[in-house]
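Architecture at a glance
What follows is each chain in one-letter form.
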Protein chains: 2
Amino acid sequence: MADDEFAIIDQYFATIGWQSDSVVLGPGDDCAVLAVPDGFELCVSTDTLVSGIHFPEGSDGDVVARRSFAAAVSDLAAMGATPYTFTGALTMPVVDHSWLSTFSEELSRLSVEFKIPLVGGNLTRGPMSLTITVMGLTPAGQAIKRSGAREGDDVYVTGYPGEAGAGLLLLDKAGKRLNSLLDAYQSPQPRIEVGEGLRTLASAAIDVSDGLFADLAHLLDSSGVGAEIDVEKIPLSAEMLEFTSRDKALSLALTAGDDYELCFCACSSNKAEVEKLGQSTGVKITRIGFIVMKQGIRLLGDIVDKLDLAKKGYQHF
Amino acid sequence: MADDEFAIIDQYFATIGWQSDSVVLGPGDDCAVLAVPDGFELCVSTDTLVSGIHFPEGSDGDVVARRSFAAAVSDLAAMGATPYTFTGALTMPVVDHSWLSTFSEELSRLSVEFKIPLVGGNLTRGPMSLTITVMGLTPAGQAIKRSGAREGDDVYVTGYPGEAGAGLLLLDKAGKRLNSLLDAYQSPQPRIEVGEGLRTLASAAIDVSDGLFADLAHLLDSSGVGAEIDVEKIPLSAEMLEFTSRDKALSLALTAGDDYELCFCACSSNKAEVEKLGQSTGVKITRIGFIVMKQGIRLLGDIVDKLDLAKKGYQHF
């Protein structure tokens, strides 16, 4: 079996995943060629995950595929964008066919699940990392920016933030298996359907990659406002409370990254519609506070004094 | 000076380079938002360059910027695409402000030179590498594929292939400075204007990143044809012949990568138009052979026996 780039691409990546009429020319030429439908805008985001930094060294190919894919596609969800196409640039030290097989099968499955064709990529030798560039579509003018939050808006979060952080801690503990937490870390779910539904409801949105506290702060900075967050309202699952104490769970919920849930704001007049969106998508959506003029985040609740908030979000350097 | 990702992005990348009305929302949100004009198709390509593999370890930021940018933008040239936008994902082991400053200044200069705005990116810790995803536009249906070469078409190459390979050899030799060869390696020129002009002239095109022989072979495979190449016609500059013997120079021209020249095919009835394009763009364009039905590449010329063609193109693994 030839171990050159082109043979590997042919074997593992040439014809995998979702196929779409929008793709005029797929992988295998100098560029892919895409037909962007009239009346839509293109949302683009790039994310790199590095072995030993963003996933443990020696991670299986399917875990790397899921975490990298979620990190990238989640940015589309945060804009309210419908997945359109993506490219993947994989760097690996040696050709490991077993790993590549697991990786490409999972990437193909995700591509089909989210109806997002893989249109190109790059494969090269070097320290293990993966860069995914995603493209999504929104009707022109409907992308949800970070900068639209206004005084009085409600602040929401999807899912159970902090579970991925707990899952990462669990990875190091043999024996105790709380699978939903491990899943939150190893198989994060980009909230595409919620994002699409929020286009006409949300005033601002961001995905929670660095931690709820840090990412909400980015949103507030962009919008030039602040927020009061009722910490007691942050949802904690039974598994989370089995794993750790209530105050440690809330600390993780506020500061651990990797969840790829959405944090968003919406005018209080949209409250019933937001609730309906949670029901129709089957995704838990919780109102955790509201927007105020005064900048910064004010955490409310008796438990706040007990929280460990020293690490207020993932620092990339 | 804070060394977190966001501070660095603000300092070095937030507002650099070309600004365009097509960019509805630039860097700083979950995604960039782009307005793709009606009637155009989007060409997309991703390239990763890894330190110690694609550029020497310890390379200056401006060299890394130029080589990575050229590798990516050259794929647009090979499709006949006009540069539209790009993203950059930079991974570096430690924050080196001097390097970042040199890198971002050069990236900004290139962005302005090629009128291609930087719309997003990623910055993370890890072994040094850079992944650039470029997007370009072609009028719908006019992208130049690799697969269109037909029997009797002429085969052309731009510039002086092999000079970048010679430049790389020169990097290791103190004293002897043949600057145009070093430039060919350190500052390759994507042939955008030639590519745009070829949209209505060329039947197929590819950029020469892995070596003329290997890349022409990819084009021929895609088109299901072969080629006869008159090796004596491959252009060699005076600097190349000062650097090495004629047969070694031709060996480099056929097998060394990194040039980012274009190799393309065109119907013989377009010969005069191709010549005019060379004159109007100031880029040397040389007819080096023609397309035949019989697959494979047949090299013609008495000198062929003397060439070192063992390495027929860069192998990525």
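All values reported here derive from a predicted model rather than from experimental measurement.

Rotating chain A by 180° and translating it 0.0 Å along the rotation axis places it on chain B, where the RMSD comes to 0.0 Å. The transformation just described matches what one would write down for a two-fold rotation axis. Interface residue correspondence from chain A to chain B reaches 100%, placing this contact among same-surface, isologous pairings.

Contacts between chain A and chain B engage 54 residues on the former and 54 residues on the latter. Going through the elements one at a time, β1 (23–25), β2 (32–34), β3 (40–50), α2 (61–79), β4 (82–92), β5 (118–125), β6 (129–139) and β8 (202–208) of chain A are the ones with two or more residues in the side of chain A that touches chain B. With 9 residues, the single largest contributor to the side of chain A that touches chain B is β3(A). Pairing analysis gives 3 bridges linking β3(A) to strand β2 (residues 32–34) of chain B, with the strands arranged antiparallel.

Considered for burial, the residues of helix α4 (residues 163–171) of chain A that qualify are E163(A), A164(A), G165(A), A166(A), G167(A) and L168(A). For α4(A), the elements touching its buried residues are α5 (179–186), α8 (238–243) and α9 (246–255) of chain A.

Our next topic: the sheet that holds strand β6 (residues 129–139) of chain B. Ordered by their spatial adjacency, 6 strands build an open sheet running β1(A)-β2(A)-β3(B)-β6(B)-β4(B)-β5(B), and the pairing between neighbours is mixed. Looking along the sheet, the strands with just one partner apiece sit at the ends: β1 of chain A together with β5 (118–125) of chain B. Neighbour to neighbour, the strand axes of the sheet diverge by 20° on average, direction disregarded. In the sheet, strand β4 (residues 82–92) of chain B pairs with β6(B) via 9 bridges, with the strands oriented antiparallel. Residue L90(B) lies in a different strand from β6(B), and its bridge partner there is L130(B).

Size of an interface: often given as the accessible area lost when the parts come together. All names here are of chain A. Along its sequence, chain A is organised into domain 1 (5–139) and domain 2 (154–306). With centres defined by C-alpha atoms, the gap from domain 1 to domain 2 works out at 26 Å. The interface of domain 1 with domain 2 comprises 19 residues on the first partner and 19 residues on the second. Residue assignment for the side of domain 1 that touches domain 2 shows that the elements contributing at least two residues are α2 and β4. Broken down by element, the side of domain 1 that touches domain 2 gets its largest block of residues, 12 residues, from α2. Class assignment for the residues of the side of domain 1 that touches domain 2 results in 12 nonpolar, 4 polar and 3 charged.

What counts, and where the lines are drawn
Residues numbered from 1 in each chain as written. Chains lettered and ligands numbered in written order. Predicted model: local features only at pLDDT ≥ 70, side-chain atom pairs only at ≥ 80, totals over all residues. Least-squares fit on C-alpha atoms with pLDDT ≥ 70 in both. Contact = placed C-beta atoms within 7 Å. Helix = DSSP H or I, 4+ residues; strand = E, 2+ residues; numbered from the N terminus. Pairing = 2+ DSSP bridges. Buried ≥ 20, exposed ≤ 12 C-beta atoms within 10 Å, placed from the backbone. Axes fitted to C-alpha atoms, helices over the stretch in contact; angles between N-to-C directions. Domains from an automatic or database assignment. Nonpolar A, V, L, I, M, F, W, Y, C, P; charged D, E, K, R; others polar.

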